[in-house]
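# Structure at a glance
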Amino acid sequence: MKTTVRILSLVLAALMLVTAFAACGKTPADDDQSEPEVSNPVPEDNGEEQGEPEVVYDYEKDKAEYEAMTAEQLVEKYVADPANITIPEYANLLATYAFVPVEDGSFNYNNTTADAIALIKDAGATLPKFSDPELAKEMVAKPYDYSRAYYYCTLSDFFVPADTEGYAMLKEQYKKETDPFVISCVIRGLSDTFATDEEFCQYAISFADSDNAEAKLRLAIKLSTLEGVDKETLVQTALTLLADEEGNIAYYMAEECGYICDERFIEPIKALLANMDKFSAHNMALKGLIRMWYNGNTSEAAYQATMEYFKAESTDPKYPAWDTLTTFTSPRTSKYEEWRAAATYFDEREFVAVMTGLVADAEAQKLIKTSAVKVIGAFGTADDLTALKPLVESSPDKDAILAEIDKELEKK
């Protein structure tokens with residue numbers, strides 16, 4: 001009897017347990033089956049647009065993958081048909097410049113990406129133009145700074161057409177850049193596309209007083225192209241950069257001053273030319289000075305400063321900067337006579353006499369002498385050239401100089 005009651009009690013308890021689980025929507029067997037864990041669950045479709053999932057970029061991982069790849073593998077990864085590369089494919093390939101080293105303010109162009117592009121060219125592809133608005137749109141949207149930096153740099157010789165989506169995206173994106181190198185690439189590459197845009201010009205000029213040396217250098221090189229600011233702003237910015245002691249900023253600015261052309265530049269440029277410790281800058285500084293008085297412009301003060309430089313005595317065989325002399329070897333341009341009539345200060349006889357002094361200078365190196373002979377050939381007479389021969393009899397470069405004299409005599 002006790003046994004029968006015990007069995008009935010156990011059966012009743014079991015029935016109660018089953019009923020309890022059923023009321024909760026599961027059976028005892030469910031306790032042995034756990035729900036699988038979902039790390040990124042798909043949101044419930046409630047009829048509302050969910051949007052694209054956020055893409056997470058890992059620069060170090062992507063860079064390591066790039067560095068392990070060959071040019072062939074790079075092409076295989078990004079381009080379906082090398083002979084018919086698309087703009088998005090080309091943009092993705094160019095974006096790998098994000099992983100290319102930067103040296104002295106420029107990308108190292110001896111790299112895997114360049115080799116991959118060479119392979120595509122060899123396959124017969126016609127590469128999209130850098131100015132293509134669709135390529136601009138693709139490149140500006142790239143997530144890594146140096147991908148965009150490379151594209152900005154390539155635009156230094158191109159214009160992205162206005163009133164295109166690519167142009168509009170460039171105009172918005174450059175303002176957001178914060179990396180110093182990327183900013184320098186913006187100034188280097190977009191100064192032509194946005195040359196008349198006042199907002200861009202003010203943006204670029206704002207770096208003249210910054211501590212971004214590379215941006216200042218690029219500004220010095222591009223300053224004369226910025227048409228969206230007034231002349232006085234250009235002059236004051238140029239004077240600031242001429243006084244900059246960092247790197248080659250003042251050197252490049254001195255050369256570009258000839259395009260802006262203001263006599264306030266003459267004294268700072270003369271100071272550069274008088275400093276033999278900065279001889280490497282002489283050719284650039286002198287070219288800037290020459291542009292202010294020759295073949296178009298007519299600054300007599302700049303002319304006199306140039307003559308002073310050529311007349312100055314020096315025992316340094318590199319003095320004066322010989323490559324500036326080639327500026328004068330082809331004067332008979334279509335506008336030369338018009339300029340000559342306005343440049344009343346210019347005296348061919350004085351000019352020939354100064355060049356003759358360089359040929360006669362025992363300390364001057366061969367390139368200075370032969371270059372001066374060419375200038376005399378351009379501005380002087382056959383008698384002027386013949387008179388040079390006795391002056392070089394004792395020169396160790398006598399044969400080379402005499403040969404140059406004879407070559408110029410043949411043109412007379």
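Right above here is the structure, for reference.
Quick caveat: nothing in here was measured; it's all calculated off a predicted structure.

### Side note on the overall build of the protein
- In terms of regular secondary structure, the protein is built from 21 helices and 2 strands.
- For the protein, buried positions account for 43% of its 412 residues.
- Relative to all contacts within the protein whose residues are 6 or more apart in sequence, the contacts with residues 24 or more apart total 67%.
- On the protein, roughly 22,300 Å² of surface is accessible, and the fraction owed to carbon and sulfur atoms is 51%.

### What about the pattern of salt bridges?
- Following the criterion strictly, the structure yields 24 salt bridges and no others.
- Across the salt bridge formed by Arg291 and Glu255, the nearest N and O atoms sit 3.8 Å from each other. Taken together, the positions of Arg291 in helix α15 (residues 282-291) and Glu255 in helix α13 (residues 249-260) put the pair 36 residues apart, joining distant regions of the chain.
- Across the pair Asp406 and Lys389 runs a salt bridge, and its minimum N-O distance is 3.0 Å. Linking Asp406 in helix α21 (residues 398-410) with Lys389 in the loop between α20 (382-386) and α21, this pair joins segments that are 17 residues apart in sequence.

### A short note on the packing of α13 against α15
- At a minimum axis distance of 6 Å, the contact between α13 and α15 shows a crossing angle of 15°. The angle between α13 and α15 places the two elements in the roughly parallel class. Every pair of crossing elements has a handedness; the one defined by α13 and α15 is left-handed. Here Tyr251, Tyr252, Ala254, Glu255, Gly258 and Tyr259 of α13 lie close against α15, whose contacting residues are Met284, Ala285, Lys287, Gly288 and Arg291.
- Per-class residue counts for the contact of α13 with α15 are 6 nonpolar, 2 polar and 3 charged.

### A word on the packing of aromatic side chains
- Applying the stated criterion to the full structure yields 41 aromatic pairs.
- Here Tyr167 and Phe194 contribute two aromatic rings whose centre-to-centre distance is 4.8 Å and whose plane-to-plane angle is 55°, an arrangement assigned as tilted. Taken together, the residues Tyr167 in helix α8 (residues 165-173) and Phe194 in the loop between α9 (180-190) and α10 (198-205) connect sequence positions 27 residues apart. Accessibility classification places Tyr167 together with Phe194 in one group, the buried group.
- Grouped by ring-pair contacts, the aromatic residues Trp293, Tyr294, Tyr303, Phe328, Tyr336, Trp339, Tyr345, Phe346, Phe351 and Phe379 constitute a single cluster.

### A few points about the environment of Glu65
- Along the chain, Glu65 turns up in helix α2 (residues 59-67).
- For Glu65, a relative accessible area of 36% translates into the label partly exposed.
- Along the primary structure Glu65 and Phe99 are separated by 34 residues, whereas in three dimensions their C-alpha atoms are 9.8 Å apart.

### Side note on the packing of helix α14 (residues 266-274) against helix α16 (residues 300-311)
- Taken N-terminus to C-terminus, the directions of α14 and α16 make an angle of 10°; their axes are 11 Å apart at the nearest point. Taken together, α14 and α16 sit at an angle that is classed as roughly parallel. Contacts between α14 and α16 involve Ile266, Lys270 and Leu273 on the former and, on the latter, Ala301, Ala302, Ala305, Glu308 and Tyr309.

### Thoughts on the side chain of Thr237
- Topologically, Thr237 is positioned in helix α12 (residues 231-242).
- Excluding residues that lie within four positions of it along the chain, Thr237 makes contacts with Ile205, Ala208, Leu219 and Leu223.

### Observations concerning α10
- Those residues of α10 that sit buried are Phe200, Cys201, Tyr203, Ala204 and Ile205.
- Those residues of α10 that are buried lie in contact with α9, α11 (213-222) and α12.
- Measuring from the backbone nitrogen of Glu199 back to the side-chain oxygen at the start of α10 gives 3.2 Å, which picks out Asp197 as the cap.

### Let's talk about the environment of Leu223
- Mapping Leu223 onto the fold places it in the loop between α11 and α12.
- Classification of Leu223 as buried rests on a relative accessible area of 0%.
- Along the sequence, Leu223 and Ser191 sit 32 residues apart, while their C-alpha atoms lie 8.3 Å from each other.
- Dropping the residues within four chain positions of it, Leu223 is found in contact with Ile205, Leu234, Thr237, Ala238, Met253 and Ile260.

Rules used in this analysis
Residues numbered from 1 in each chain as written. Predicted model: local features only at pLDDT ≥ 70, side-chain atom pairs only at ≥ 80, totals over all residues. Heavy atoms only, no water. Helix = DSSP H or I, 4+ residues; strand = E, 2+ residues; numbered from the N terminus. Buried < 20%, exposed > 50% of the residue type's maximum accessible area, 1.4 Å probe, protein only. Contact = heavy atoms within 4.5 Å. Areas by Shrake-Rupley, 256 points an atom, 1.4 Å probe, with all protein chains shown as cover. Salt bridge = Lys/Arg side-chain N within 4 Å of Asp/Glu carboxyl O. Axes fitted to C-alpha atoms, helices over the stretch in contact; angles between N-to-C directions. Parallel < 35°, antiparallel > 145°, perpendicular 65-115°, else oblique. Left-handed = near helix turned anticlockwise from the far one by under 90°. Nonpolar A, V, L, I, M, F, W, Y, C, P; charged D, E, K, R; others polar. Phe/Tyr/Trp six-rings, centres within 6.5 Å; stacked < 30°, edge-to-face > 60°. Polar contact = N/O pair within 3.5 Å; in protein donor to acceptor, adjacent residues only side chain to side chain.

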